[in-house]
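Geometric and topological summary
Take a look at the letters that make up each chain.
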Amino acid sequence: MSLVSLIKGRRGASGFGYASTAEEVTAGLDLRGKNILITGVNSGLGEESARVLAMRGARILGAARSKEKASEACRAFADAVPLACELSEPASVRACVDEVRALGLGIDVLLCNAGIMALPARTLHHGQEMQFLTNHIGHFMLVTGLLGSLSEHGRVVILSSGAHAWAPPGGIQFDDLSFERGYSANRAYGQSKLANLLFARALSRRLQGTSQTANAVHPGVIATNLARHMPLGMRILMPVANVIALKSVHEGAATQCYVAVNPAVSGVTGEYFADCNVAKSSAASRDEALGERLWTVTEEIVRGLG
Ligand SMILES: NC(=O)c1ccc[n+]([C@@H]2O[C@H](COP(=O)([O-])OP(=O)(O)OC[C@H]3O[C@@H](n4cnc5c(N)ncnc54)[C@H](OP(=O)(O)O)[C@@H]3O)[C@@H](O)[C@H]2O)c1
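Scope of this entry: the structure provided in the associated data block. (Residues numbered from 1 in each chain as written. Predicted model: local features only at pLDDT ≥ 70, side-chain atom pairs only at ≥ 80, totals over all residues. Heavy atoms only, no water.)

**Some details on the overall build of the protein**
For clarity, the threshold we go by: Secondary structure elements follow DSSP: runs of H or I of four or more residues count as helices, runs of E of two or more count as strands, with numbering from the N terminus. Radius of gyration means the value over C-alpha atoms here, while the globule rule gives 2.2 Å times the residue count to the 0.38 power. Think of it in three bands: residues with accessible area under 20% of the maximum for their type are buried, residues over 50% are exposed, and the middle band is partly exposed, with areas taken using a 1.4 Å probe on protein chains only. In what follows, residue pairs with any heavy atoms lying within 4.5 Å of each other are defined as contacts. Surface accessibility follows the Shrake-Rupley procedure with a 1.4 Å probe radius. Residue values consider only the protein chains on display as shielding. A residue counts as positive if it is Lys or Arg and as negative if it is Asp or Glu; His and the chain ends are not included. Working definition for charges: the position is that of NZ of Lys, CZ of Arg, CG of Asp or CD of Glu.
Of regular secondary structure, the protein possesses 11 helices and 10 strands. Here the C-alpha atoms of the protein give a radius of gyration of 18 Å, agreeing with the 19 Å that 2.2 N^0.38 yields for 306 residues. For the protein, the proportion of its 306 residues judged to be buried stands at 54%. Sequence separation of at least 24 residues holds for 72% of the intrachain contacts in the protein that already meet a minimum separation of 6. Only carbon and sulfur atoms are counted for the fraction: they give 55% of the accessible area of the protein, which is about 12800 Å². Here the protein holds 29 positive side-chain charges and 26 negative ones, and the gap between their average locations is 4 Å.

See the structure below:
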């Protein structure tokens with residue numbers, strides 16, 4: 001048996017593992033009556049999650065950068081609600097929050113899936129490094145804005161990444177959040193993904209005493225549009241590597257769908273999941289003081305964004 005098939009065949013305590021698909025981890029579930037908001041619904045893991053969760057009966061509130069993209073992505077799903085949510089534009093996120101609140105629906109799952117990776121050059125927008133702004137601040141605004149709409153047993157699922165370990169030494173570079181002193185694409189992506197993980201854990205602490213949960217997810221490594229900013233050679237190699245070793249999109253969407261809706265996870269909160277099981281994350285990601293400081297600093301940044 002090859003190493004690849006050994007890894008792919010491994011299953012954890014949940015009964016699922018590396019090669020489980022989103023369809024497998026949701027098999028037999030009846031999600032009729034559930035409202036599931038997914039950011040990044042038009043591509044990659046968000047698109048696959050929406051397809052499978054809608055197939056199980058959930059109503060999808062599908063968010064994309066523009067209403068047109070969201071509508072196109074939601075066309076196949078009965079009852080879906082397309083939402084414009086450009087995560088790097090605070091006004092767009094706030095408008096999305098208002099639109100969802102006005103629907104008057106209880107949100108059962110907030111699946112914070114959208115993201116960008118490894119911008120080759122330091123890019124600032126609203127004075128913030130673009131990956132931190134999009135991946136972390138945008139989702140922080142969306143989630144905190146919608147907490148009042150979260151249903152009694154609502155789940156917040158935040159896409160982090162194994163790349164959270166690429167964050168700068170010390171974790172979050174509070175004295176240079178935007179990498180003025182020197183930019184590295186991987187470090188900046190890593191910092192944003194560590195922020196996603198710290199946010200999930202800090203949120204879970206705030207939800208203590210309720211039945212609502214917040215968890216973070218590493219989906220695996222999957223050839224999606226996320227690689228669009230990678231060097232050409234890497235992008236050519238990704239689909240080849242995908243066939244040999246990496247996850248398919250069906251496998252890649254499994255962990256987030258598992259954490260979003262599988263009954264085995266109800267009540268589980270403040271965890272980091274990979275391959276559909278609780279996984280170990282970096283020391284920085286488990287540092288409560290760091291998470292609390294990030295929460296306070298993020299609130300200050302959001303206030304400054306007008
Ligand atoms: N693929 C992997 O190997 C991998 C590994 C670890 C973690 N992840 C995480 O998994 C998540 C999903 O990634 P993916 O692989 O499915 O990538 P993808 O195919 O590139 O999808 C990313 C989605 O995010 C959206 N998005 C990007 N910037 C946005 C913005 N400013 N506002 C609103 N939406 C925005 C994209 O919209 P447009 O299409 O309009 O740009 C797209 O719908 C990301 O958070 C990523 O960090 C992925």
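**Let's talk about the pairing of strand β8 (residues 213-218)**
Definition in use: Paired strands, in this sense, are two strands between which DSSP finds at least two bridges.
Burial runs high along β8: 6 of the 6 residues are buried. Of the two faces of β8, the one holding T213, N215 and V217 and the one holding A214, A216 and H218 are both buried throughout. Strand direction decides the pairing type here: β8 and strand β9 (residues 272-274), joined by 3 bridges, are parallel. Counted as the bridge partner of V217 is F273 from β9.

**Digging into the packing of helix α6 (residues 130-146) against helix α11 (residues 288-304)**
For clarity, the cut-off: Note on geometry: axes are C-alpha line fits, over the in-contact stretch for helices, and angles between N-to-C directions span 0 to 180 degrees. In these notes the angle categories are as follows: under 35 degrees is roughly parallel, over 145 is roughly antiparallel, 65 to 115 is roughly perpendicular, and the rest is oblique. Side-chain classes are defined by residue name, with Ala, Val, Leu, Ile, Met, Phe, Trp, Tyr, Cys and Pro counting as nonpolar, Asp, Glu, Lys and Arg as charged, and the others, Gly among them, as polar.
It is the contact of α6 with α11, at a shortest axis distance of 11 Å, that shows an interaxial angle of 90°. Accordingly, the angle class assigned to the pair α6 and α11 is roughly perpendicular. Contacts between α6 and α11 pair F132, H136, I137, F140, M141 and T144 from the former with L294, W295, T298, E299, I301 and V302 from the latter. When the residues that make up the contact of α6 with α11 are grouped by side-chain class, the tally is 8 nonpolar, 3 polar and 1 charged.

**Digging into the site of the ligand**
Test applied: One heavy atom within 4 Å of a molecule or strand is enough for the residue carrying it to be called near that molecule or strand. A 3.5 Å cut-off defines polar contacts: any pair of N or O atoms within that distance qualifies, except that in protein one atom must be a possible hydrogen donor and the other a possible acceptor, and neighbouring residues in sequence count only when both atoms are side-chain atoms.
In the region of the ligand, 30 residues are neighbours, and N42, S43, K69, E86 and T224 sit closest. The separation between a nitrogen atom of the ligand and a polar side-chain atom of R65 is 2.9 Å. Contacts to the ligand include L87, whose backbone N or O atom sits 2.9 Å from a nitrogen atom. Going through the elements one at a time, α3 (44-55) and α7 (185-206) are the ones with two or more residues in the shell around the ligand. In terms of residue class, the shell around the ligand is made up of 11 nonpolar, 14 polar and 5 charged.

**What about the pattern of salt bridges?**
A side chain with one charge can pair with a side chain of the opposite charge if their charged atoms come near. Rule in force here: The salt bridge criterion pairs a side-chain nitrogen of Lys or Arg with a carboxyl oxygen of Asp or Glu, the two atoms within 4 Å.
What the rule picks out here adds up to 14 salt bridges. Notably, a salt bridge pairs K67 with E99, separated by 2.6 Å at the nearest N-O pair. Taken as a pair, K67 in helix α4 (residues 67-74) and E99 in helix α5 (residues 90-103) lie far apart in primary sequence, 32 residues in all. According to the relative accessible area criterion, E99 is partly exposed, its value standing at 31%. In the salt-bridge network here, residues are joined through shared partners; they are R205, R206, E288 and E292.

**Overview of the environment of G190**
One can find G190 in helix α7. Separated by 20 residues in the primary sequence, G190 and G170 have C-alpha atoms spaced 12 Å apart. The contact partners of G190, leaving out residues within four places of it in the chain, are A163, H164, W166 and A167.

**Here we look at the sheet that holds strand β10 (residues 277-278)**
In spatial order, the strands read β3-β2-β1-β4-β7-β8-β9-β10; together these 8 strands make up an open sheet with mixed pairing. Two strands bound the open sheet, and with one partner strand each, they are β3 (81-84) and β10. Examined bridge by bridge, strand β2 (residues 59-64) and β3 share 4 bridges and lie parallel to one another. The residue of β3 that forms the bridge with L61 is V81. Contacts from α3 reach β1 (35-39), β2 and β4 (107-112), with the element oriented near 165° to β1. Those strands touched by helix α10 (residues 254-261) are β1, β4, β7 (150-159), β8 and β9, and its axis lies near 160° from that of β7.

**Considering the packing of α6 against α7**
In helix packing, the relevant descriptors are the interaxial angle and the interaxial distance, both defined with respect to the helix axes. What counts is decided by this rule: Each crossing gets its handedness from the near helix: less than a right angle anticlockwise from the far helix is left-handed, clockwise is right-handed.
Packing of α6 against α7 brings their axes to within 8 Å, and their N-to-C directions diverge by 15°. Our classification of the angle between α6 and α7 gives roughly parallel. For the pair α6 and α7, the sense of crossing is right-handed. Packed against α6, whose contacting residues are Q131, F132, N135, H136, H139, F140, V143 and T144, the element α7 presents A185, A188, Y189, Q191, S192, K193, A195, N196, F199 and L203 at the interface. Looking at side-chain class alone, the contact of α6 with α7 contains 9 nonpolar, 8 polar and 1 charged residues.

**Remarks on the nonpolar core**
Worth spelling out the cut-off: In plain words, nonpolar cores are sets of buried Ala, Val, Leu, Ile, Met, Phe, Trp, Tyr and Cys residues tied together by side-chain atoms within 4.5 Å.
One finds L37 and I172 to be the most contacted residues of the largest nonpolar core, which totals 52 residues. The element best represented in this core is α6, accounting for 9 residues. Counting residues in each nonpolar core, the second largest holds 33 residues, with A54, L159, C257 and F273 among its members.

**Re α10**
For α10, the tally of buried residues reaches 8 of 8 residues, placing the bulk of the element in the interior. All buried positions along α10 are accounted for by A254, T255, Q256, C257, Y258, V259, A260 and V261.

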